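# Chain and residue survey
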Amino acid sequence: MLHKANFVLLAALLLAGCSKKPDACFTIEKGQPSSKVNDEVEVNAGCSTDAGDFVWDFGDGFSTTGIKAKHKYVTTGQYTIKLTAKNSNRDATTSKQVTVVP
């Protein structure tokens, strides 16, 4: 027979191992469909679910963390913004492209 404390610990371990896979989702709030060189591109992962950590890769060697982020591109081109949404033991990614013009 399980003692109450052992049952609570077992239940917590089972729930932690069964956490939902996050859904990575983001919007480009400023800078879509294109942005000018040195203008800020603003992204927001508020539409993601079951995630607590957010890692952004802006496709030009710059990365940052947080549910919202801002970034300035210094050269023209087409860049892929990648979001990785994470929880305690799982992650999911999604990406969108932005074009930077002179």
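All values derive from a computational prediction rather than experimental measurement. (Residues numbered from 1 in each chain as written. Predicted model: local features only at pLDDT ≥ 70, side-chain atom pairs only at ≥ 80, totals over all residues. Heavy atoms only, no water.)

## Things to note about the overall build of the protein
The cut-off we apply is this: Note on conventions: DSSP H or I runs of at least 4 residues are helices, E runs of at least 2 residues are strands, and numbering of each starts at the N terminus. Here the term buried applies to any residue with accessible area under 20% of the maximum for its type, exposed to any over 50%, and partly exposed to those in between, with areas from a 1.4 Å probe on protein chains only. Note on contacts: a residue pair qualifies if any of its non-hydrogen atoms lie within 4.5 Å across the two residues. Calculation of accessible area relied on Shrake-Rupley with a 1.4 Å probe; when residues are assessed, cover is drawn exclusively from the protein chains displayed.
Check the secondary structure of the protein and you find one helix and eight strands. What you see in the protein, going N to C, is helices and strands ordered as α-β-β-β-β-β-β-β-β. The buried share of the protein, reckoned over its 102 residues, is 27%. Across the protein, every contact between residues at least 6 apart in sequence was considered, and the portion connecting residues at least 24 apart equals 56%. Carbon together with sulfur atoms contributes 54% to the accessible area of the protein, which is approximately 6500 Å² in total.

## Some thoughts on the pairing of strand β3 (residues 40–44)
Applied cut-off: A pair of strands is considered paired only if DSSP assigns at least 2 bridges between the two.
The buried fraction of β3 amounts to four of the five residues, a majority that puts the element mostly inside the structure. Across three bridges, strand β1 (residues 27–30) lies against β3 in antiparallel orientation. Looking across to β3, one finds that Thr27 is bridged to Asn44. The pairing of β3 with strand β6 (residues 68–72) spans five bridges and is antiparallel. Bridged to Val41 within β6 is His71.

## Some details on the sheet that holds β6
Note the cut-off: Where helices are involved, their axes are fitted lines through C-alpha atoms of the stretch in contact, as for all axes, and angles between N-to-C directions lie from 0 to 180°.
Reading across the sheet, the three strands line up as β1-β3-β6 and stay open at both edges, with antiparallel pairing between neighbours. Each edge of the open sheet carries a strand with a single partner, namely β1 and β6. Looking at each pair of strands side by side, their axes are set apart by 30° on average, direction ignored.

## Description of the packing of aromatic side chains
So the rule is basically this: Any two rings among Phe, Tyr and Trp, with Trp reduced to its six-membered ring, count as a pair given centres within 6.5 Å; such a pair is stacked if its planes are under 30 degrees apart, edge-to-face if over 60, and tilted if neither. Think of it as a cone above the ring: NZ of Lys or CZ of Arg counts as a charge over the ring if it is within 6 Å of the ring centre and within 35 degrees of the ring normal.
The tally for this structure, following the rule as stated, stands at five aromatic pairs. For the ring pair Trp56 and Phe58, a centre distance of 6.5 Å and an interplane angle of 20° mean the geometry is stacked. For the residue pair Trp56 and Phe58, the accessibility class agrees, reading buried in each case. Taken together, a centroid distance of 5.9 Å and an interplanar angle of 40° make the contact between Phe58 and Phe62 tilted. The exposure class of Phe62 is partly exposed, given its relative accessible area of 36%. Through a chain of ring-to-ring contacts, three or more aromatic side chains come together here, namely Phe26, Trp56, Phe58, Phe62, Tyr73 and Tyr79. Above the plane of the ring of Phe26 lies Lys96, whose end atom (NZ or CZ) is 5.1 Å from the centre.

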